[in-house]
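Coordinate inspection notes
Listed below, chain by chain, are the residues.
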Amino acid sequence: MRKRSKTQKVTKQVTKWVNNIVSGILMVLLITVAAVVVISKASGGEPEIFGYQFKTVLSGSMEPGIQTGSIIVVKAAEDKKAYKTGDVITFQEEEGILITHRITDVVKSGDSVLYRTKGDNNNAEDMNPVLSDNVVAEYTGHTVPYVGYFINFAQSKNGAFLLLIPGFLLLIYSAFTIWKVLSAIELSPKKQADLAGEEGGNPSS
């Protein structure tokens, strides 16, 4: 009986440990999703933290270095005339479109600076040079694949529904945990009677 009692104790500890891990994961997921949605809505676009922005890449012009559907970390431009050949910059084109391409050449004319740019996966340079004033940020070299689709949806009108998914899972798991506890409480007298019967019917060795 001591061996069985010890096994039951270990099983309860493992179950409690698993429950804590699952609850923690669901809670972290809920908080993360909420933070992404709130920050995206508050900033009016991609999230920004301490001067670093998260830009969504939905084209393959910079593959394989930057995959379609990735998010990239960029640093807001400070000295827009100081970039050099080889730097990857995010700049604004007409109609507010943002593009992230690599600088292939720097053209200086008096106080004006123009950048010739090209996507790593494109066959030719971009048609129009980029005026330094149109540079928004510089790519830091950090990218997270596929998350861009998630953030892009978070910015949409239906993005708030993302909060429902982890919240719903957490609610279901909490209900399941409560049901298990209640079932254990209800069955405990029967289990105690069974254990008492086993102790009385089995001779000790």
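Residues numbered from 1 in each chain as written. Predicted model: local features only at pLDDT ≥ 70, side-chain atom pairs only at ≥ 80, totals over all residues. Heavy atoms only, no water.

Attention now moves to the overall build of the protein. Summing up its helical and strand segments, the protein has 3 helices and 8 strands in all. Secondary structure of the protein in N-to-C order comes out as α-β-β-β-β-β-β-β-β-α-α. Here the protein, with 205 residues, has 24% of them falling under the buried criterion. At a minimum sequence separation of 6, the contacts of the protein that also span at least 24 residues come to 56%. In the form shown here, the protein has an accessible surface area of approximately 13900 Å², with 61% of it arising from carbon and sulfur atoms. (Helix = DSSP H or I, 4+ residues; strand = E, 2+ residues; numbered from the N terminus. Buried < 20%, exposed > 50% of the residue type's maximum accessible area, 1.4 Å probe, protein only. Contact = heavy atoms within 4.5 Å. Areas by Shrake-Rupley, 256 points an atom, 1.4 Å probe, with all protein chains shown as cover.)

There is a patch of nonpolar side chains on the surface, built from Trp17, Val18, Ile21 and Ile25 and spanning about 400 Å² of accessible area. Among the structural elements, Trp17 can be located in helix 1 (residues 2–43). (Patch = residues over 30% accessible without salt bridge, like charges linked within 9 Å, V, L, I, M, F, W, Y side chains within 5 Å. Salt bridge = Lys/Arg side-chain N within 4 Å of Asp/Glu carboxyl O.)

Moving on: the nonpolar core. Nonpolar side chains tend to gather and get buried jointly when the protein is soluble and globular. Counting residues in hydrophobic clusters, the biggest one holds 10 residues: Ala77, Tyr83, Ile89, Phe91, Ile99, Ile103, Val113, Tyr115, Val130 and Val135. Mapped onto this core, the elements with two or more residues apiece are strand 4 (88–92), strand 5 (98–109) and strand 6 (112–118). When near neighbours in sequence (up to four residues on either side) are disregarded, Tyr83 contacts Ala77, Glu78, Ile89, Ile103, Val106, Tyr115, Val135, Ala137 and Glu138. (Core = buried A, V, L, I, M, F, W, Y, C linked by side-chain atoms within 4.5 Å.)

Turning to the pairing of strand 6, a few remarks are in order. Residues Val113, Tyr115 and Thr117 line the buried face of strand 6, whereas the alternating positions Ser112, Leu114, Arg116 and Lys118 sit on a face that is not buried. Pairing analysis gives 7 bridges linking strand 5 to strand 6, with the strands arranged antiparallel. Bridging from a neighbouring strand, Lys108 pairs with Val113 of strand 6. Counting the residues in the hairpin turn of strand 5 and strand 6 gives 2 residues, including Gly110, whose phi is positive at 65 degrees. In terms of strand pairing, strand 6 meets strand 7 (residues 130–131) through 2 bridges, oriented antiparallel. Its bridge partner being in strand 7, Tyr115 is matched across the sheet by Val130. (Pairing = 2+ DSSP bridges.)

So, about the side chain of Thr90. With respect to the secondary-structure elements, Thr90 resides in strand 4. Excluding residues that lie within four positions of it along the chain, Thr90 makes contacts with Val74, Leu98, Ile99, Thr100, Asn134, Val135, Val136 and Ala137.

Here Val88 is to be found in strand 4. Between the alpha carbons of Val88 and His101 there is a distance of 5.5 Å; along the sequence they are 13 residues apart. Dropping the residues within four chain positions of it, Val88 is found in contact with Met62, Thr100, His101, Arg102, Glu138 and Tyr139.

Okay, the pattern of salt bridges next. According to the stated counting rule, one finds 2 salt bridges in the structure shown. Ionic pairing is found between Asp87 and Lys84, a salt bridge with its closest N-O pair at 3.7 Å. Classification of Asp87 as buried rests on a relative accessible area of 12%. Its relative accessible area of 54% is what places Lys84 among the exposed residues. The salt bridge involving Asp120 is made with Arg102; its shortest N-O contact spans 2.9 Å. One end of the pair, Asp120, is in the loop between strand 6 and strand 7; the other, Arg102, is in strand 5, and 18 residues separate them in sequence. Among the residues examined, Asp120 registers a relative accessible area of 35% and is labelled partly exposed. Overall, the relative accessible area of 30% leaves Arg102 in the partly exposed class.

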